[in-house]
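# Breakdown of the fold
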Amino acid sequence: MVFRLIDQKISNYTFDDISVGLEKQFTVTITESMVDEFAKISGDYNPLHMDEKFAQSSGFKNRVCHGMLLSSLFSRLVGMYIPGKYSLYFSQTLDFVNPSMINDSVTVVGKVISKTESTKLITLKTTIKNSFCNLVEGNAKVLLSK
């Protein structure tokens, strides 16, 4: 089966193309549908994610986006943007530093902070932020197959 990318251009950086400091980013709006679908996939129906009144009574302005839904956007970052086609996600650290709500516009950023020639492994500083603050921070390690 062959999948076609609709309105998506996949990067095809090789290890030699990548330099420390290379940075890529994209922006996504977190929708109610995304949160609902993620709850179905993950089985996490915590009322902070699913019940607006409960979330508001708990001190939030709206339903809270699953942290793992946000962090799943790092897969798009690695698989599509940096490095893209030749990537094999090796590991990811995650720190959930602030919550995200439905209708937040979030920016996903990856910046190359190191390269290891012998293993063709790159390390990315990964961040997801909204217009006010960082939401998720971590480091990704990615093997390049070419």
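Everything discussed here concerns the structure shown above.
Within each chain, residues carry numbers counting from 1 in the order of the written sequence. This being a predicted model, a pLDDT of at least 70 is required before a residue's local features are given, and a value of 80 or more before pairs of side-chain atoms are given or counted; all residues contribute to the totals for chains, interfaces and linings. Calculation of side-chain values draws on the structure's entire complement of heavy atoms; hydrogens and water are dropped beforehand.

### Observations concerning the pattern of salt bridges
What makes a salt bridge here is a side-chain nitrogen of Lys or Arg within 4 Å of a carboxyl oxygen of Asp or Glu, nothing more. The full count for this structure, using the stated rule, is four salt bridges. Where Arg63 meets Asp36, a salt bridge forms, and the shortest distance between an N and an O atom there is 2.5 Å. Highlighted residues: Arg63 in the loop between α3 (52-57) and α4 (67-81) and Asp36 in helix α1 (residues 32-42), separated in sequence by 27 residues. Each residue gets one of three labels from its accessible area relative to the maximum for its type: buried under 20%, exposed over 50%, partly exposed in between, using a 1.4 Å probe on protein chains only. Judged by relative accessible area, which is 5%, Arg63 ranks as buried. The partner of Glu117 in a salt bridge is Lys120, and the shortest N-O contact between them spans 2.5 Å. Bridged by salt links that share partners, the residues Glu32, Asp36 and Arg63 form one connected network. Helix numbers and strand numbers start at the N terminus; a helix is a DSSP run of H or I with at least 4 residues, a strand a run of E with at least 2.

### So, the pairing of strand β4 (residues 105-116)
Two strands qualify as a pair provided that DSSP identifies no fewer than 2 bridges between them. Taken together, the seven bridges between strand β1 (residues 23-29) and β4 define a ladder with antiparallel strand orientation. Bridge assignment links Phe26 to a residue of β4, and that residue is Val108. Looking at chain direction, β4 and strand β5 (residues 121-129) are connected through nine bridges and run antiparallel. Counterpart to Val112 in the pairing with β5 is Leu124. What sits between the antiparallel neighbours β4 and β5 is a turn of four residues, in which Lys120 has the positive phi angle 55°.

### Some points on the packing of aromatic side chains
For this analysis, a ring pair means two rings from Phe, Tyr or Trp (six-membered ring only for Trp) whose centres lie within 6.5 Å, classed as stacked if their planes differ by under 30 degrees, edge-to-face if by over 60, and tilted for the remaining angles. Counted by the stated rule, this structure contains one aromatic pair. For the ring pair Phe26 and Tyr81, a centre distance of 4.8 Å and an interplane angle of 10° mean the geometry is stacked. You can see Phe26 sitting in strand β1 and its partner Tyr81 sitting in helix α4, a full 55 residues away along the chain. Above the face of the Phe15 ring, Lys115 is positioned so that its terminal group lies 4.3 Å from the ring centre. A ring is considered to have a charge above it if a Lys NZ or an Arg CZ atom is located within 6 Å of its centre and within 35 degrees of its normal.

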